[in-house]
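What follows is each chain in one-letter form.
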Amino acid sequence: MHLGNPKTAKIFINNFFTDFQALLGKGHPVKTFSKCDFSRIASHLEEQKMVKKAITDSERKMNKKAKDEINFRHGYCIVDGHVEKVGNFNMEPPGTFRGRGEHPKMGKIKQRVLPEQVFMNFSVENAPPICPVPGHAWGEIRHDPCVQWLGNWKENINGQDKYMQLAAMSSFKGKSDRFKYNKAARLCGNIEKIRRDYKKNLLAKEKGLRQLATAMWVIDRLALRVGGEKDTDEEADTVGCCSLRVEHMTFNPSNEDDSLEVELEFLGKDSMLFKQTIDFGSELYTNNNGMGEQVYKNFKNFCTGKKKTDDIFETLTPSALNDHLKSLMTGLSAKVFRTYNASVTLQDELAKKEKVENWNSLTVTQKVTNYNDANRIVAILCNHQRTVSKAQENALESIQTKLNTLIEQKKVLKKMLKLIAKAGDLRKDMGDSKFSQAHLWESVPTESQVANKISLWTGKIDRMSFDLKNKDDNKEVSLGTSKINYMDPRASVAFCKRNEVPIDRVFSRTLRDKFNWAMSVEPEWQFCYEI
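Residues numbered from 1 in each chain as written. Predicted model: local features only at pLDDT ≥ 70, side-chain atom pairs only at ≥ 80, totals over all residues. Heavy atoms only, no water.

(A) View of the overall build of the protein chain. Assigned secondary structure in the protein chain consists of 17 helices and 11 strands. If one aligns the C-alpha atoms of the protein chain with their principal axes, the spans along those axes are about 85 × 70 × 60 Å. Taking contacts inside the protein chain between residues at least 6 apart in sequence as the whole, the part at least 24 apart equals 63%. Of the accessible surface of the protein chain, which amounts to about 31700 Å², a share of 51% is contributed by carbon and sulfur atoms. The protein chain carries 84 positive and 69 negative side-chain charges, and their two centres are separated by 3 Å. (Helix = DSSP H or I, 4+ residues; strand = E, 2+ residues; numbered from the N terminus. Contact = heavy atoms within 4.5 Å. Areas by Shrake-Rupley, 256 points an atom, 1.4 Å probe, with all protein chains shown as cover. Lys, Arg positive; Asp, Glu negative; His and termini not counted. Charge placed at Lys NZ, Arg CZ, Asp CG, Glu CD.)

The following block contains the structure:
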């Protein structure tokens, strides 16, 4: 992916070759990247993939057995007398660092982590786990009951700490998740007061107050992160609220009279493109004293007379904004706002759909599609995007081809029904028309048989059409990110219980394990201050 882009290819190759030469050592004959041929390595890896796919069932069973043995040996631990599952106990192997977007360190070589670099943490009365690499030992043994990590090491690219922790389904993670969503629910009881406060200051004479209030509006209504200063030599130039620059805003992009539109474009977290045209004069931002028009005026004022590279909020720092948030409610942060808005939006969108007149007559598949539509609105709010892969495109094409085939087959069945109704010679007409569907019955079918098959095919077409629409609508939106991190899972569980939708149609097995604490809620459960 990086090498296919001329801009990123140069960064990737330069970083890789610098590290590669350092590994080869001084005086090595390899001096130029363009003279290196890596094709035999690539061919070897492709061969290994093919060999892995071609293994027999017995070999596959043996591999699974070996994998299970490793998992049972290293995948569990005992915490406070309870067995808990361990998350990541496999060390990442050496390779090239990719990063997200235009990361300045892409292509650098991630070095192998040796046992001497790893700190292990466990109870003082227990023997340390044996180091599995002959001739090596753990770097340090700790007995710290105040942290949750079991193993710790530093990676060489960014010097960041990496941890071996408990799995997402562990009781520790479950309690942490529940606390996170309950904290966001506390905002239900404080949100009106907070909004009154920042709306009043949108009109303040002091510029610093106006900038703080405008930033609060953006965090609340546009779900932006706080953002902070970046060392662009060390990490990608990603942007949040405090680090917005004049170049990220285009006023009146459509060149219309009296327009209050602004095109906002920047790289957000993980270098995902945030590109939205915000109409500050729309009902979405002006209803119920939303003050969208005033926010537009403030942005216009903040950008006037500045260079493109200047900060929009020059009087505001991330620490000042975070301190202000905490002063409004204990533990309040931009992430709490995002979690609150994601959960409330999901709940409100589902409520709208459940009020539709024919809701109770919808099938489970149709209800799941409506749920995914609500999930998509949340994902768009939080800018959870994904790149459409070739595999996804192929899968959509495959579904479309199958759908077209079903539609053609239904036409054939309808023609058969007409022929039978006219009491004609079905065999002759079918032969003359060269229908490829004659194999559907060994002998000439009855009118009832054909009618039943048409009904069956209609159901198949409806289900596949819903499936195709659902997959196509969501191909560029990551529904999983908001489902895993931002939408209170209890709202989804309650929706499923109210509408007799099997929970596995909404949550994967992994998410059902992660959110097992949420599965006992009542059908009428609501995300509100009281929880």
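Still more ground to cover, so stick around.
(B) Spotlight on the pattern of salt bridges. Scanning all chains against the criterion turns up 18 salt bridges. In this structure, R60 engages D57 in a salt bridge whose closest nitrogen and oxygen atoms are separated by 3.3 Å. Highlighted residues: R60 and D57, both in helix α3 (residues 57-74), separated by 3 residues, approximately one helical turn. According to the relative accessible area criterion, R60 is partly exposed, its value standing at 38%. (Salt bridge = Lys/Arg side-chain N within 4 Å of Asp/Glu carboxyl O. Buried < 20%, exposed > 50% of the residue type's maximum accessible area, 1.4 Å probe, protein only.)

(C) Examining unusual backbone geometry more closely. Unusually for a residue other than glycine, N252 sits at a positive phi of about 50 degrees. Tracing the chain through its elements places N252 in the loop between β9 (249-251) and β10 (261-267). One non-glycine residue, N255, lies in the positive phi region at around 55 degrees. Within the secondary structure layout, N255 lies in the loop between β9 and β10. Its relative accessible area of 68% is what places N255 among the exposed residues.

(D) Structural context of the side chain of Q211. Looking at the element boundaries, Q211 is found in helix α6 (residues 207-221). Excluding residues within four positions of it along the chain, Q211 makes contact with F302, K306, I312, F313, E314, T315 and L316.

(E) Expanded view of the packing of aromatic side chains. Tallied over the full model, the rule gives 23 aromatic pairs. Ring centres 5.6 Å apart and planes at 35 degrees place the aromatic pair Y371 and F495 in the tilted group. Here Y371 is found in helix α11 (residues 364-381), whereas its partner F495 is found in helix α16 (residues 489-498), with 124 residues between them in sequence. Of the two residues, Y371 and F495, both sit in the buried class. Taken together, W217, F251, F280, Y285, Y296, F299, F302 and F313 form an aromatic cluster joined through their ring pairs. (Phe/Tyr/Trp six-rings, centres within 6.5 Å; stacked < 30°, edge-to-face > 60°.)

(F) Focus on the sheet that holds β10. Spatially, 3 strands are ordered β9-β10-β11 in an open sheet, and the strand pairing comes out antiparallel. Strands at the two margins of the open sheet, each flanked by one partner only, are β9 and β11 (273-279). Taking the axes of each pair of neighbouring strands and ignoring which way they run, one obtains an average angle of 15 degrees across the sheet. The strands that helix α8 (residues 292-303) touches are β9 and β10; relative to β9, the one it contacts most, it runs at about 110 degrees. (Pairing = 2+ DSSP bridges. Axes fitted to C-alpha atoms, helices over the stretch in contact; angles between N-to-C directions.)

Geometric values such as these leave the question of function open.
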